[in-house]
Amino acid sequence: MESVEGLMEEFDLSFYKGKKVFVTGHTGFKGSWLCKVLANLGAEVTGYSLKPPTEPSLFVIAKIEQNINSVIGDIRDYQSLKKAFDTAQPEIVLHLAAQPIVRDSYKDPTYTYDTNVMGTVNILECVRNSNCVKSFLNVTTDKVYLNKEWNWGYRENEELDGFDPYSNSKSCSELVTHSYKNSFFADGKIAISTARAGNVIGGGDFANDRIIPDCVRAALNYENIVVRNPFSTRPYQHVLEPLYAYLMIATKQYENNSFAGAYNIGPDDVDCFQTSALVDLFVNKWGNGLSWINRYDGGPHEANFLKLDCAKLKAAFGWKPRWNLDTAIEKVVEWSKCWINGEDVRKCMDKQIEEFLAK
């Protein structure tokens, strides 16, 4: 499967055929899936990122570099970034590069702020000094909001003030984007948006301190899954859900600047699960006698309850989630067992992309 054109109802993905797209953070988990989707659609993709952040990594396992122009560089290095950017001459920019782990942000806040804030400044400077870009999307997180631990979803007009260095740096990235939009892109020639996605899961995530990778590692090693905060509630969604939404937003604002803005991207309320329920679902799907244990470690502050109100995205584009959490976990298990058994993970990714877009 190398073409998924014409399968979507909300917009025609053939839009991306031949489009020049610049993706920062392309060697990461989400970036690798995004590049695979874009390559299948026939886009001319240039990725700019550090080397893959994990070993193993989806970027290497799935041979993503075969389908794109991959540039290894630091988002904090403006001159290196601008050189790659100017060579690519992109029409669409999708900014995913980040230090994405909450616990790591406590260990090295300076690096987190440098990457997540100044990295955003640098890519926006590249956009500002270009004459090729028409659509820019900054991917942030659901954690940008001042979390009051209330039971309803946050809307895009709620106060931004993430608690920990990661979440706060992403709040700052939102503010930087908003300032650039007002200061330099007010003429509407370049559409500027941000996307605030909930927790994503999917095959090929090998990060530390994430629950699904922890589940896969435990299964691989025939160990109990250690759950450090079983009662936290998060909006979990398969990685293809936000990636499709990113592509939709970038397309729609490319065609009509009035669609530019901030958008929440998350599952429906039924898929806002406690971590313990998520792990139960994974255990049931995996089988082989897998089990988990509660081992709260009293670690640094993380939100206990967080979900998003996605009414704006639904109203603007007729968007809705395609895979519920049960299906999402099935796809994680399918990909993970494919990899563990030494099968072709590229084919597995193509199959899952086709199934998602055809639904």
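Residues numbered from 1 in each chain as written. Predicted model: local features only at pLDDT ≥ 70, side-chain atom pairs only at ≥ 80, totals over all residues. Heavy atoms only, no water.

J.: Would you mind going over helix α7 (residues 211-220) with me for this structure?
T.: Helical geometry: 3.6 residues make up each α-helical turn, so side chains three or four residues apart lie on a common side. Counting buried positions along α7 gives seven out of ten residues, so the element sits mostly inside the fold. All of the buried residues in α7 are Ile211, Ile212, Pro213, Cys215, Val216, Ala218 and Ala219. In this structure, the buried residues of α7 make contact with β7 (200-201), β8 (225-227), α9 (275-286) and α11 (325-340). A positive backbone phi angle near 55° is found at Tyr222, which sits one or two residues after α7. (Buried < 20%, exposed > 50% of the residue type's maximum accessible area, 1.4 Å probe, protein only. Helix = DSSP H or I, 4+ residues; strand = E, 2+ residues; numbered from the N terminus. Contact = heavy atoms within 4.5 Å.)

J.: I tried to follow unusual backbone geometry on my own but got confused; where do I start?
T.: The bulk of non-glycine residues show a negative phi, and the bulk of peptide bonds are trans. The step from Glu55 to Pro56 runs through a cis peptide bond, and the omega angle for that step is 5°. Within the element layout of this structure, Pro56 appears in the loop between β2 (44-49) and α2 (58-61). With phi around 55°, Lys63 is a residue other than glycine that occupies positive phi space. The topology assignment puts Lys63 in the loop between α2 and β3 (69-72). Positive phi values are uncommon outside glycine, yet Asn288 reaches one of about 60°. Examined against the element boundaries, Asn288 turns out to sit in the loop between α9 and β13 (292-294).

J.: What's the story with the packing of aromatic side chains in this structure? I'm lost.
T.: Both the distance between ring centres and the angle between the ring planes are used here to describe each pair of aromatic rings. Tallying each qualifying case throughout the model produces 16 aromatic pairs. Seen in terms of ring centroids, Phe15 and Tyr16 are 4.9 Å apart; in terms of plane orientation they differ by 85°. Their pairing is edge-to-face. Per residue, the accessibility class of Phe15 equals that of Tyr16, and both read buried. Centre to centre, the rings of Tyr145 and Tyr154 are 5.4 Å apart; their planes meet at 10°, and the pair counts as stacked. Comparing Tyr145 with Tyr154 shows no difference in burial state: the two are buried. (Phe/Tyr/Trp six-rings, centres within 6.5 Å; stacked < 30°, edge-to-face > 60°.)

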